[in-house]
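# Geometric and topological summary
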Amino acid sequence: MKLSTLLILVGAIALPIAFFAVKKAMSAPLPVGFPTPTPHDTIEVKQYPAYRSGTYTYEGNLSDATSYSFNPLFRHISSNNISMTAPVEARYPIATIDQPMQQGKAKVSFLYNNSEIKPQQISPDIQVEDHPPMLVISLGIQGAYGYGSYPEHIERLKQWLANHPEYEIIGEPREFLYDSPYTPSPLKRREVQIPIRKR
């Protein structure tokens with residue numbers, strides 16, 4: 001069999017698999033009014049509406065924050081029959097904007113589809129939070145998740161802000177993680193964001 005024929009056959013098999021993986025990755029809906037994910041390697045200013053979340057506060061190695069928080073958050077939405085949405089939000093200490101940190105507190109949230117959802121069963125380790133509308137600067141990233149690359153993404157946003165002095169930082173940086181653990185790493189989408197406002 002010729003190499004070109006073999007490549008065509010491999011492509012014919014691989015493309016439907018990749019399409020299925022992407023479709024599965026995007027199956028959880030965004031909360032009402034949320035903008036679509038920022039494309040890979042793109043920086044943009046985005047406006048978010050008010051939203052409600054179930055939030056778990058984690059303290060320790062920030063690399064473990066999202067994985068450690070997943071089970072209590074999943075129990076929260078399951079016990080209240082709340083549908084899963086994307087993204088998962090991880091808010092890191094504001095000090096991580098100025099210097100890398102491995103230890104600290106992070107708030108990890110599952111976002112409700114809309115702000116009218118009122119859970120009836122709330123365990124002591126979960127806080128229901130209402131978040132006001134928010135303007136952010138956002139960097140889109142595609143690839144494997146991991147807190148290890150977070151400082152370099154923050155640096156890119158800081159450089160953008162240095163070139164746009166009309167904006168100032170007003171809150172904790174965060175990551176938005178859009179895809180499930182079963183999504184192939186090269187297809188995973190996330191954003192690193194810093195809340196801002198015009199001076």
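Residues numbered from 1 in each chain as written. Predicted model: local features only at pLDDT ≥ 70, side-chain atom pairs only at ≥ 80, totals over all residues. Heavy atoms only, no water.

### Some remarks on the packing of aromatic side chains
As a reminder, the rule being used: Between rings of Phe, Tyr and Trp, where Trp is taken as its six-membered ring, a pair exists when centres lie within 6.5 Å; planes separated by under 30 degrees are stacked, by over 60 edge-to-face, and by other angles tilted. Put simply, DSSP H or I for four residues or longer makes a helix, DSSP E for two residues or longer makes a strand, and each gets a number counted from the N terminus. With a 1.4 Å probe rolled over the protein chains alone, any residue whose accessible area is under 20% of its type maximum counts as buried; one over 50% counts as exposed, and the rest are partly exposed. Any Lys NZ or Arg CZ that is within 6 Å of a ring centre and within 35 degrees of that ring's normal is treated as a charge sitting over the ring.
As enumerated under the stated definition, the model contains 13 aromatic pairs in all. Consider the rings of Tyr48 and Phe176, whose centres lie 5.6 Å apart with planes at 80°: the pair is edge-to-face. One end of the pair, Tyr48, is in strand β1 (residues 43–48); the other, Phe176, is in strand β8 (residues 174–177), and 128 residues separate them in sequence. The pair Tyr48 / Phe176 is uniform in exposure class, with both members buried. Joined through ring pairs, the aromatic side chains of Phe34, Tyr48, Tyr51, Phe176 and Tyr178 make up one cluster. Geometry around Tyr48 places Arg174 over its ring, the cationic atom sitting 5.0 Å from the centre.

### Description of the side chain of Glu89
Convention followed: Whenever a nitrogen or oxygen atom comes within 3.5 Å of another N or O atom, the pair is scored as a polar contact, on the condition that within protein one atom can donate a hydrogen and the other can accept it, and that pairs from neighbouring residues in sequence are kept only if both atoms are in side chains. Contacts are assigned to residue pairs with any non-hydrogen atoms lying within 4.5 Å of each other.
Here Glu89 is to be found in strand β3 (residues 88–91). A polar atom in the side chain of Glu89 sits 2.6 Å from the side chain of Tyr51. Residues contacting Glu89, with those up to four places away along its chain left out, are Tyr51, Lys107, Val108, Ser109, Leu111, His131, Arg174, Glu175 and Phe176.

### Observations concerning the pattern of salt bridges
Rules: Whenever a carboxyl oxygen of Asp or Glu lies within 4 Å of a side-chain nitrogen of Lys or Arg, that contact is scored as a salt bridge.
For the coordinates displayed, the defined rule picks out 12 salt bridges. Among the salt bridges present, the one from Arg174 reaches Glu89, with a minimum N-O distance of 2.7 Å. Taken together, the residues Arg174 in strand β8 and Glu89 in strand β3 connect sequence positions 85 residues apart. Classification of Arg174 as buried rests on a relative accessible area of 1%. A relative accessible area of 0% means that Glu89 is categorised as buried. Between Glu175 and Arg190 there is a salt bridge whose closest N-O contact spans 2.6 Å. On the criterion of sequence distance, the pair formed by Glu175 in strand β8 and Arg190 in strand β9 (residues 189–198) is long-range, its members being 15 residues apart. Like Glu175, the residue Arg190 is buried in the burial classification. If you follow the salt bridges from partner to partner, you end up with Glu89, Arg91, Lys107, Glu129 and Arg174 in one network.

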